[in-house]
Every structure is written in C-alpha cells, then in structure tokens.
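Architecture and fold: a report
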Amino acid sequence: MNWYLLRKDGTAVEFADNRHATDEALERYSMDRLAGPELAEFEEHLLLCRVCQDRLAVEDNVKQRVRDGAELLLRPSTAVQWRLPVLAWSSGLVAVGLLVFAGSQLPSLHRPTAQPAVMLLQTTRGTENLTLAAAPAGRPLTLVLDLTDLQQFSAYTLEIVDAGGHPVFQSSGSPQNNRVQGTLAHGLAAGFYFVRAYSPARELLREYALTVRR
Amino acid sequence: MTANGIAEDTKDRPACAQPGWAELVEKIRLNEPAGLEELYRVFSRGVRFYLCRQLGPQDLDDRVHDTFIIVAQAIQRGELREPERLMGYVRTIVRRQVAAQIEDNVLSRRQQFDLDWGLAVKDTASNPEQAAIRHENQQLAARVLKSIAPRDREILIRFYLWEQPADQICTEMGLTDTQFRLLKSRAKARFGELGRKKVTKRLVPFK
C-alpha cells in the first residue's frame, strides 16, 4: 500500500516512506528548467518511479491547460477584465514545439508602433498541441532562442532560412540568461521558415519551424 | 530533501524500489532470459513514458524495443563497467535515442527541401477535427481559469505562461515564499478539480 503525506489542500507533497521528487523539482523539470546533475538525478529517478511519472504527467497537463486557457483569455479581442498588468501575449506552438509569446504591452498591440514582436522559441515535448505559431508579417521581429540543454558557448549564430532552405537572415550574439536573441528590423514576409542555432564552429545545434502570417 | 529535489528518505517503496543492479547486469551479461525480463520489467514503463513525452506516441513500441536491445547488447559487450550505474546508463541511451530521432527529423526535412522537383512543404496545421478538439479544449481551459479566484488565476498565469520566477511573483504580488507555494498549490488543485467537473458535466448531458 502506498502512503502519502497530504497537505491541507489535499495535494501530495512528498512521501514518508521513500525518495520522491519534490513538487518544485517536478515543476522545474516540466518547464525545462532542470540542468546538470540535478537533471540527471531527476531523470534517473523518473525512469524507475511510477508515482513520479504519474505526477509529472499531471503537472505537464496542468501547465498545458493553463497555457491554453490563458492564451485564449489574454487575446486582445477577448473582452476580459484582468487584475494582472496589462500585458498581451500571443502564443502557439510550431511543428516540434515552438512556444511563442508577444512580449509587448496590450496597448501597443493596437498602436502602429515599430516595436518588435518578441517571440520565444522553445522546444517542447510530444505531439500534444502542435498548433502552428505565427509571427506577424512585415513587422519588426525579435526572436529569442531558449538554449536549455544545449552545449554552452560564448556566442551563437542565429540563421533563418526560408521554406526552400535559402538563408534570409543571419546574426551572432552572446547568450544572456541562457537565451540568445536576434532582431529583424524589417521582419519577414509571410511564409514558412526555419530558425537555426549554430555553434561558433558552425555546428547545427537546434532548429525550429516558424510561420509568418499577414 | 537533497539539493537535487529528491525527497530524502531511504526506505524502499514498491513503486520505485531499486533491484540489485550488479546481479541484474550479470544476468544480462550471461544472456539469461530472466535478466532481460527483469530489465524490461523495471525500465519499460519509465522508458516508454520518457520517449513518449519527448517524441510523442508515433513508433513508440519500436523505440522502446530498440532501446532495450541497445542496452542489453551494450551490457553483453561489457560496456557497462560499473553495474550500479545501470540507471544512468539507461538514461544516457534513452537520451541518445531522442537526440538521434530529432536529428533524423532535421535531416529528412532538409533532404526534402533539396529535391528539385517543386517545393513540398508539409502542412503541419491540424486537420479540421483536431483543430475543433483543440479549440474546444482551449475554451474549456479558459472557462475553468476564468472561474477560479483572481489571485489564483494570476499566480497560475504568471507561473506557467509568463514563466516568472517565484521571487518576482512574490515581490509583485506581495506574497511571502510560503504564501506563494501554498497559493500556487491550491490554485493548481482548484484548477484541476474544476476542469474535471466541467469535463464530467460535458460527458453526462442528460439527467
């Protein structure tokens, strides 16, 4: 029989009779924030532990549902009153998993400003939620690549190729907070693109699909 | 609690009790069916879960099978020098499988683009049925999110969507670390509970 310690709110926190991942570790893993020895220890435990597999599946589900629901609620066209700071985000996923969000403030979405749309490119897991994310065409665009799980370098090259594999943009940058970014002052024309991250030795490290729509 | 987020308590639990790795490795090395069976029994669910989470359900059985063949053959070739590191070794093999699959996807996509007979870009958009299901799920999630307390909703959105660190959320919402943990946990429980209720309601339309 399995015995769980339950908090007042009924959430299983940790277990009295064995080593299990904490809630915090599960959340961090689910959000790709574990690295190094911490990640190794967690994954080794996960390979054996059914309880933590089930807990992680629940955590992944909650995360995805919150993102799905919040995306809809926070759409500028949705007339929902929020106590939150007025930030509007557009989000979606591309092919293997691209999470996109617009980082500009809500009022700026309605103003014809030249402020770039900010898109965070992340890998996600599984086939769940493979909705195409779309960047706005013809508008300045800042692409932020999440470098989680990638080999660390002092600089990365960011390249965008069109659907035919022809390069349309390239820049290099140093990572900050495990992210590297590039800004396209004139944005991209509508179409299908791939965003690639390279090491200084021109080794392809990661590739994301990107759709740009009018 | 260890620094690595695994709760510290050493008593065995059936759910993740670790077998004697040295004995198991020796059985596999000698190609004893019992050893292979035990390896599969101990790791199959975890490997399946990991691969499915990373790569999705497509070809899952084949991938799990390939993983076990690689692990067993490596052990039989004597490549696992420290039997007590079996768990770490399996993890390494599984991660390599995932990396290889992603690399394959990138390569095959690139090769498709190299074809000269017209541009064939796979339409990765959902089909109408998938899109409708996704839309419905999204609306359900939005309704659930809207129905929970504003402070709970704010915590969930800040944490999961905007991925704000706990420090920032605490500062901006005027919470202590403990309050934040409790509120977040309560919000998740509430969100899950209401979601289940709404799904159940939808499944039982007649009374």
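Residues numbered from 1 in each chain as written. Chains lettered and ligands numbered in written order. Predicted model: local features only at pLDDT ≥ 70, side-chain atom pairs only at ≥ 80, totals over all residues.

Brief notes about the overall build of chain A
The test is simple: Numbered from the N terminus, helices here are DSSP runs of H or I no shorter than four residues, and strands are runs of E no shorter than two. Whether a residue is buried, exposed or partly exposed follows from its count of other C-beta atoms within 10 Å of its own C-beta, namely 20 or more, 12 or fewer, or something in between, respectively; the C-beta atoms are built from the backbone. In this description, a residue-residue contact is defined by the distance between C-beta atoms placed from the backbone, which must lie within 7 Å.
Looking only at helices and strands, chain A has four helices and eight strands in total. The N-to-C order of helical and strand elements in chain A reads α-α-α-α-β-β-β-β-β-β-β-β. Counting all 214 residues of chain A, 39% fall into the buried class. Within chain A, contacts between residues at least 6 apart in sequence are counted, and of these 54% link residues at least 24 apart.

Here we look at the overall build of chain B
The secondary structure content of chain B amounts to eight helices and zero strands. Taking contacts inside chain B between residues at least 6 apart in sequence as the whole, the part at least 24 apart equals 57%.

Observations concerning the nonpolar core
Note on soluble globular proteins: their nonpolar side chains tend to be buried together. The test is simple: Connectivity within a nonpolar core runs through C-beta atoms within 7 Å, and the core itself is a set of buried Ala, Val, Leu, Ile, Met, Phe, Trp, Tyr and Cys residues.
Counting 31 residues, the largest nonpolar core has Phe 42, Leu 46 and Leu 47 of chain A together with Val 47, Leu 86 and Val 90 of chain B as the members making the most contacts within it. Counting only elements with at least two residues in this core, the list comes to helix H1 (23-30), helix H2 (36-48) and helix H3 (50-73) of chain A together with helix H1 (21-29), helix H2 (33-55), helix H3 (60-76) and helix H4 (86-114) of chain B. Ranked by residues supplied to this core, first place goes to H2 of chain B with seven residues.

With respect to the packing of H3 of chain A against helix H6 (residues 150-161) of chain B
Just so we agree on the cut-off: Orientation is described by axes fitted as lines to C-alpha atoms, over the contacting stretch for helices, and by angles from 0 to 180 degrees between their N-to-C directions. Working definition: roughly parallel below 35 degrees, roughly antiparallel above 145 degrees, roughly perpendicular at 65 to 115 degrees, and oblique for all remaining angles.
Between H3 of chain A and H6 of chain B, the least distance of the axes is 9 Å, while the angle of their chain directions is 105°. Classified by the angle between their axes, H3 of chain A and H6 of chain B sit roughly perpendicular to one another. Taken together, the residues of H6 of chain B that come into contact with H3 of chain A (itself represented by Lys 63, Val 66, Arg 67 and Ala 70 of chain A) are Leu 156, Ile 157, Tyr 160 and Leu 161 of chain B.

A closer look at the sheet that holds strand E2 (residues 134-136) of chain A
Residue and element names in this part refer to chain A. Basically, it comes down to this: Should DSSP find at least two bridges between two strands, the strands are taken to pair.
Reading across the sheet, the five strands line up as E2-E8-E7-E4-E5 and stay open at both edges, with mixed pairing between neighbours. At either margin of the open sheet sits one strand with a lone partner, and together these are E2 and strand E5 (167-173). Taken pair by pair, the neighbouring strands of this sheet meet at an average axis angle of 30°, ignoring direction.

Examining the packing of H2 of chain B against H3 of chain B
Residue and element names in this part refer to chain B. To be explicit about the condition: Here is the rule for handedness: rotate from the far helix to the near one, and if that takes an anticlockwise turn smaller than a right angle the crossing is left-handed, while a clockwise turn gives right-handed. In this classification, the charged set is Asp, Glu, Lys and Arg, the nonpolar set is Ala, Val, Leu, Ile, Met, Phe, Trp, Tyr, Cys and Pro, and all remaining amino acids, among them Gly, are polar.
Viewed as axis vectors pointing N to C, H2 and H3 meet at an angle of 130°, and their least axial separation amounts to 9 Å. Taken together, the axes of H2 and H3 are oblique relative to one another. Considering how the two elements wind past one another, H2 and H3 form a crossing that is right-handed. In this structure, H2 contributes Leu 36, Leu 39, Tyr 40, Ser 44, Val 47, Arg 48, Leu 51, Cys 52 and Leu 55 to the contact, and H3 contributes Leu 60, Arg 63, Val 64, Thr 67, Phe 68, Val 71 and Ala 72. Of the residues belonging to the contact of H2 with H3, the class tally is twelve nonpolar, two polar and two charged.

A short note on the sheet that holds strand E6 (residues 179-184) of chain A
Residue and element names in this part refer to chain A. Read from one edge of the open sheet, three strands run E1-E3-E6, paired in mixed fashion. Of all strands in the sheet, those bounded by a partner on one side alone are strand E1 (117-121) and E6. Taking each pair of neighbouring strands and ignoring which way they run, the sheet shows an average axis angle of 20°. Inspection of the sheet shows strand E3 (residues 141-146) paired to E6 by six bridges, in the antiparallel sense. In the strand pairing of E6, Thr 142 is matched with Thr 183.

Quick notes on unusual backbone geometry
In this model, Asp 32 of chain A sits at a positive phi of 60°, which is unusual for a non-glycine residue. Position of Asp 32 of chain A relative to the elements: it lies in the loop between H1 and H2. Taking the C-beta count within 10 Å as the criterion, Asp 32 of chain A has 16 such neighbours and is therefore assigned partly exposed. Its identity is not glycine, yet Asp 59 of chain B carries a phi of approximately 55°, on the positive side. For Asp 59 of chain B, the location among the structural elements is in the loop between H2 and H3. We classify Asp 59 of chain B as partly exposed; it has 13 C-beta atoms within 10 Å.

Things to note about the environment of Val 118 of chain A
Looking at where Val 118 of chain A falls in the secondary structure, it is placed in strand E1. Between the C-alpha atom of Val 118 of chain A and that of Ala 135 of chain A, which follows or precedes it by 17 residues, the distance is 8.9 Å.

Some remarks on the confidence of the model for chain A
All names here are of chain A. So the rule is basically this: pLDDT: the predictor's confidence for each residue, scored from 0 to 100.
For chain A, per-residue confidence averages 70 on the pLDDT scale, and 67% of positions sit at 70 or higher. Every residue in residues 1-17 scores below 50 in pLDDT, and together they form 28 contacts with partners more than four places removed in sequence or on other chains. Taken as a whole, residues 126-132 scores under 50 in pLDDT and shows 20 contacts with residues more than four places along the chain or in a different chain.

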